[in-house]
Amino acid sequence: DEAAESVEMPFIFPFYGYNYSSFIVNANGWVGFASDNDSWSNTAIPNDDSPRPAIFAFWDDLNPISGGSGCSGVGSGIVYYKNFTDKIVITFDEVAYCSGADDGLYTFQVVLYPTGKIEINYKEMLGLLTSATIGIQNGSGGIAQQVTYNQNYVHNELKLVFEKSSSW
């Protein structure tokens, strides 16, 4: 239920009016730009008690192979990232739901671009799909773009894109 150490970005990433030079990846399906939040129980957003500022690719009680003792299931899958000069790719590869792979096994990516564009790519989402938060939220927890909260929305081969609109 925790993120690893923060990772320096090869570029400055603009998000909700602020510029970030590092990110964290939390095992529970989200990427953030400030301190970690070990809340494994997802909520609707905006919510100032939830992780912030954050990108919620599939925020729920997930359990990668390094899994914690609080889960009843066996950890499965791995989370990794790759920095490129023009993007950062963060992959959750066959990560299990906390109660075990029988309840869910998820493969998805978050891709960050220097322009602030965010892509979330869902490759294969198996099992429980009605218990997750998907969206983005600012640093105060007062503004968010919620795509879904505990609804049957996500499916295999889905791509979501968050992109700042052009100035007119």
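The structure this text deals with has already been given above.
Residues numbered from 1 in each chain as written. Predicted model: local features only at pLDDT ≥ 70, side-chain atom pairs only at ≥ 80, totals over all residues. Heavy atoms only, no water.

Caption draft 1: Representation of the sheet that holds strand E1 (residues 7-15) in the model. What the 6 strands build is an open sheet, ordered E1-E2-E3-E4-E10-E11; its pairing is antiparallel. Among the strands making up the open sheet, the edge pair consists of E1 and strand E11 (144-149). Direction aside, neighbouring strands of the sheet carry axes that sit 20° apart on average. In the sheet, strand E4 (residues 54-59) pairs with strand E10 (residues 133-137) via 4 bridges, with the strands oriented antiparallel. Opposite Phe 56, over in E10, you have Gly 135 as the bridge partner. (Pairing = 2+ DSSP bridges. Helix = DSSP H or I, 4+ residues; strand = E, 2+ residues; numbered from the N terminus. Axes fitted to C-alpha atoms, helices over the stretch in contact; angles between N-to-C directions.)

Caption draft 2: Spatial organisation of the nonpolar core. Of all hydrophobic cores here, the largest spans 35 residues; its most connected members are Ile 55, Phe 58 and Ile 118. Setting aside anything within four residues of it in sequence, one finds Phe 58 in contact with Asn 28, Gly 29, Tyr 106, Phe 108, Met 125, Leu 128, Leu 129, Ala 132, Thr 133, Ile 134 and Val 154. Counting residues in hydrophobic clusters, the runner-up holds 7 residues, among them Ile 24, Ala 54, Phe 56 and Ala 144. (Core = buried A, V, L, I, M, F, W, Y, C linked by side-chain atoms within 4.5 Å. Buried < 20%, exposed > 50% of the residue type's maximum accessible area, 1.4 Å probe, protein only. Contact = heavy atoms within 4.5 Å.)

Caption draft 3: Summary view of the pattern of salt bridges. Tallied over the entire structure, the rule returns 2 salt bridges. Where Glu 119 meets Lys 117, a salt bridge forms, and the shortest distance between an N and an O atom there is 3.4 Å. Between Glu 119 and Lys 159 there is a salt bridge, with its nearest N and O atoms 3.3 Å apart. Remark: Lys 159 occurs in strand E12 (residues 158-162) and Glu 119 occurs in strand E9 (residues 118-127); sequence separation between them is 40 residues. Judged by its relative accessible area of 45%, Lys 159 is partly exposed. (Salt bridge = Lys/Arg side-chain N within 4 Å of Asp/Glu carboxyl O.)

Caption draft 4: Quick peek at the pairing of E4. Among the 6 residues that make up E4, 6 are buried, leaving the element largely enclosed by the rest of the structure. Looking at chain direction, strand E3 (residues 30-32) and E4 are connected through 3 bridges and run antiparallel. Bridge pairing in E4 links Gly 32 to Ala 54.

Caption draft 5: Local environment of the pairing of E10. Counting buried positions along E10 yields 5 of 5 residues, so the element is predominantly enclosed. Neither face of E10 is open: one carries Thr 133, Gly 135 and Gln 137, the other Ile 134 and Ile 136, and all of them are buried. Across 5 bridges, E10 lies against E11 in antiparallel orientation. Its bridge partner lying in E11, Ile 134 is registered against Thr 148. Linking E10 back to E11 in an antiparallel pair, the connection comprises 6 residues, with Gly 141 at a positive phi of about 80°.

Caption draft 6: Structural view of the environment of Asn 47. With respect to the secondary-structure elements, Asn 47 resides in the loop between E3 and E4. Along the primary structure Asn 47 and Asn 138 are separated by 91 residues, whereas in three dimensions their C-alpha atoms are 9.7 Å apart. Setting aside chain neighbours within four positions, we find Asn 47 in contact with Arg 52, Gln 137 and Gly 141. A distance of 2.7 Å separates the side chain of Asn 47 from the backbone nitrogen of Asp 49, its partner in a polar contact. (Polar contact = N/O pair within 3.5 Å; in protein donor to acceptor, adjacent residues only side chain to side chain.)

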